[in-house]
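# Chains, contacts and geometry: an overview
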Amino acid sequence: MDFLKRGIDELFNNRVLPNKVLILLGARRVGKTAYIKNYLSSIPKSTYLKLNGDDLDDANLLKERSISNYNRLLANINLLVIDEAQNIPDIGLILKLIVDTIDGIKVIATGSSVFDLSNKLGEPLVGRKNTIYLFPFAQMEFSKQENHKETINKLEERLLFGSYPELERYPDWKDKINYLKEIVNSYLLKDILIFDGIKQSNKILDLLKLIAFQVGQEVSLQELARQLGISKNTVESYLDLLSKVFVIYKVPGFSRNLRKEITKSNRWYFIDNGIRNAVINNFTRLENRTDVGALWENYLAAERIKNQNYKEKTVSNYFWRTYDQQELDWLEEENGILNGFKFKWNDNRKVKIPTAFAKAYPDAKFEVINKQNYLDFIL
């Protein structure tokens, strides 16, 4: 596959600005480095400096925090790019000094973990930064170069393997499986495991497995803690870290006024179906699976989140359920307007809006998302 135009193209170009830092965040292996490389290919080489936070020599160039050092380093340079910026000590203070003192300099920094970058960048760069998130490929990106028939034919593959960019190099399904296993074993938890205080890496993987089996269901922290033999607080902190390195995504319960609405628990989705299946080591074809509903729900949720991010929608996502089992899989609130959705894979029965929801929120819209109309939901 040639370089695929990404959903962030317009956002990115508009936010590379003088005396601002553009931060590009995303999980490992989603294509941040390739994206930057492609972006730089259209710029004269003499006008930018590219550094890598994993390279000690590069990091040392920034170590001396002085105006004279940065003036020397960035003489005749319009753009500074730092890949894996979270690995450079005091990166926030360094970039603050650079954008505050070198007139017209543009800075791009990439990183794979929010907690690292936000801790080191957040405070020093208040008012000086823009942040963009890059995800695995989205269907809205694939659709730029495949026709409708190809999209439909690829649906099973995307439910099973997700859409990490490098998977496009492997036509053979066995190679795709091996690649995803390698991602889980070598990259997925790397940011967490180098984070101070994480001693039980096996517990994090066990936690992910439990979450993988509960996609689309409310998750009880107490129950997870009991099954893993660790405290509820530890479970909570691990879930927080997993969301900050873009492995999973939290969706809370919604309520405005009903006592019987469930609001205290959350549902969790994987940012990518392939990672979810690799965690539980199950790549069985759809016709032989018992969890197709969960795969479908996770896929739609992940694609919707990508779409919302790339289109810069200010939307809050929820699920809705009452104690007497009336529920909506997905609920969006945008500018005070509610849109409820039910995700259905195979059920051809007419699905009606839950009575309690219609009564409590008479102005809300409702739609069933199935294989016939799902592209309208995610494109």
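Before reading on, note that the structure itself is shown above.
Described below are features of the structure shown in this document. Every chain's residues receive numbers from 1 upward, in the order its sequence appears when written. Totals for whole chains, interfaces and linings use all residues, but because this is a predicted model, local features are given only for residues with pLDDT of at least 70 and pairs of side-chain atoms are given and counted only at 80 or more. Side-chain figures throughout are based on the complete set of non-hydrogen atoms in the structure, without hydrogens or water.

## Things to note about the overall build of the protein chain
Numbering goes from the N terminus for both helices and strands, where a helix is a DSSP run of H or I of at least four residues and a strand is a run of E of at least two. Per the secondary structure count, the protein chain includes 18 helices and 11 strands. Expressed along its principal axes, the backbone C-alpha trace of the protein chain runs to roughly 70 × 45 × 45 Å. Contacts in the protein chain between residues far apart in sequence, at least 24 positions, make up 72% of those at least 6 positions apart. Considering the protein chain, the positive charge centre built from 55 side chains and the negative charge centre built from 49 side chains are found 3 Å apart. Contacts: residue pairs with any heavy atoms within 4.5 Å of one another. His is not counted, nor are the chain ends, whereas Lys and Arg count as positive and Asp and Glu as negative. Here the site of a charge means atom NZ of a Lys, CZ of an Arg, CG of an Asp or CD of a Glu.

## Some words on the side chain of Gln86
Within the secondary structure, Gln86 sits in the loop between β3 (79–83) and α5 (91–101). Think of a polar contact as two N or O atoms within 3.5 Å of one another; within protein, one of them needs to be a possible hydrogen donor and the other a possible acceptor, and neighboring residues in sequence only count if both atoms come from side chains. In terms of polar contacts, Gln86 uses its side chain to reach the side chain of Glu84, at 2.9 Å. In this structure the side chain of Gln86 is engaged in a polar contact, spanning 3.3 Å, whose partner is the side chain of Ser112.

## Some details on the pairing of strand β7 (residues 266–270)
Each residue is assigned to one of three classes by its accessible area relative to the maximum for its type, calculated with a 1.4 Å probe on protein chains only: buried under 20%, partly exposed between the two thresholds, exposed over 50%. Of all 5 residues in β7, 5 are buried; the element is thus mostly enclosed. Both faces of β7 are covered, namely the face carrying Asn266, Trp268 and Phe270 and the face carrying Arg267 and Tyr269. Two strands qualify as a pair provided DSSP detects at least 2 bridges between them. Alignment of strand β6 (residues 248–252) against β7, held across 5 bridges, turns out to be antiparallel. Its bridge partner lying in β7, Pro252 is registered against Asn266.

## Notes on the environment of Glu10
Note that Glu10 resides in helix α1 (residues 9–15). Distance from Glu10 to Leu242, taken between C-alpha atoms, is 28 Å for residues 232 residues apart in sequence.

## Some thoughts on the packing of helix α13 (residues 221–228) against helix α14 (residues 232–244)
Throughout, an axis means a line fitted to C-alpha atoms (over the contacting stretch in the case of helices), and angles, computed between N-to-C directions, take values from 0 to 180 degrees. Contact geometry for α13 and α14: axes closest at 8 Å, N-to-C directions at 105 degrees. Here α13 is positioned roughly perpendicular relative to α14, judged by the angle of their axes. Contacts from Leu221, Gln222, Leu224, Ala225 and Leu228 in α13 reach Lys232, Val235, Glu236 and Leu239 in α14. Each residue is assigned to one of three groups, with Ala, Val, Leu, Ile, Met, Phe, Trp, Tyr, Cys and Pro labelled nonpolar, Asp, Glu, Lys and Arg labelled charged, and all others, Gly among them, labelled polar. Residues belonging to the contact of α13 with α14 are distributed by class as follows: 6 nonpolar, 1 polar and 2 charged. Our angle categories are set so that under 35 degrees counts as roughly parallel, over 145 as roughly antiparallel, 65 to 115 as roughly perpendicular, and the remainder as oblique.

## With respect to unusual backbone geometry
The backbone of Glu84 shows a phi angle near 50 degrees, a positive value even though the residue is not glycine. By relative accessible area, which is 10% here, Glu84 ends up buried. In this structure, Asn281 takes a positive phi of about 55 degrees despite not being glycine. Mapped onto the fold, Asn281 is located in the loop between α15 (273–279) and α16 (292–310).

## Remarks on the nonpolar core
Of all hydrophobic cores here, the largest spans 110 residues; its most connected members are Phe12, Leu95, Ile98, Phe270 and Ile275. Here the element with the most residues in this core is α16; it accounts for 8 residues. Buried Ala, Val, Leu, Ile, Met, Phe, Trp, Tyr and Cys residues that are joined via side-chain atoms within 4.5 Å together make up what is termed a nonpolar core. By size, the runner-up hydrophobic cluster in this structure holds 11 residues, among which are Leu328, Leu331, Ala356 and Tyr361.

## Points about the sheet that holds strand β5 (residues 129–133)
Strand order across the open sheet formed by 5 strands is β2-β3-β4-β1-β5, with parallel pairing between neighbours. Both outer strands of the open sheet, β2 (48–52) and β5, are each paired with one neighbouring strand and no more. Between one strand axis and the next, the sheet turns through 15 degrees on average, direction left out of account. One ladder, built from 5 bridges, connects strand β1 (residues 21–25) with strand β4 (residues 106–111); its direction is parallel.

## Overview of the packing of aromatic side chains
Any two of the Phe, Tyr and Trp rings considered here, Trp counted by its six-membered ring, make a pair once their centres fall within 6.5 Å; the pair's planes then place it as stacked at under 30 degrees, edge-to-face at over 60, or tilted in between. Inspection of the entire model under this criterion finds 20 aromatic pairs. Measuring from centroid to centroid gives 6.4 Å for Trp296 and Tyr299, while their planes differ by 20 degrees, and the two rings are stacked. One end of the pair is Trp296 and the other is Tyr299, both in helix α16 and 3 residues apart, which spans about a single turn. Each ring, one from Phe357 and one from Tyr361, has its centre 5.0 Å from the other, and the planes form 50 degrees; the classification is tilted. The residues Phe357 and Tyr361 share a single accessibility class, namely buried.

Geometry only, nothing functional implied.
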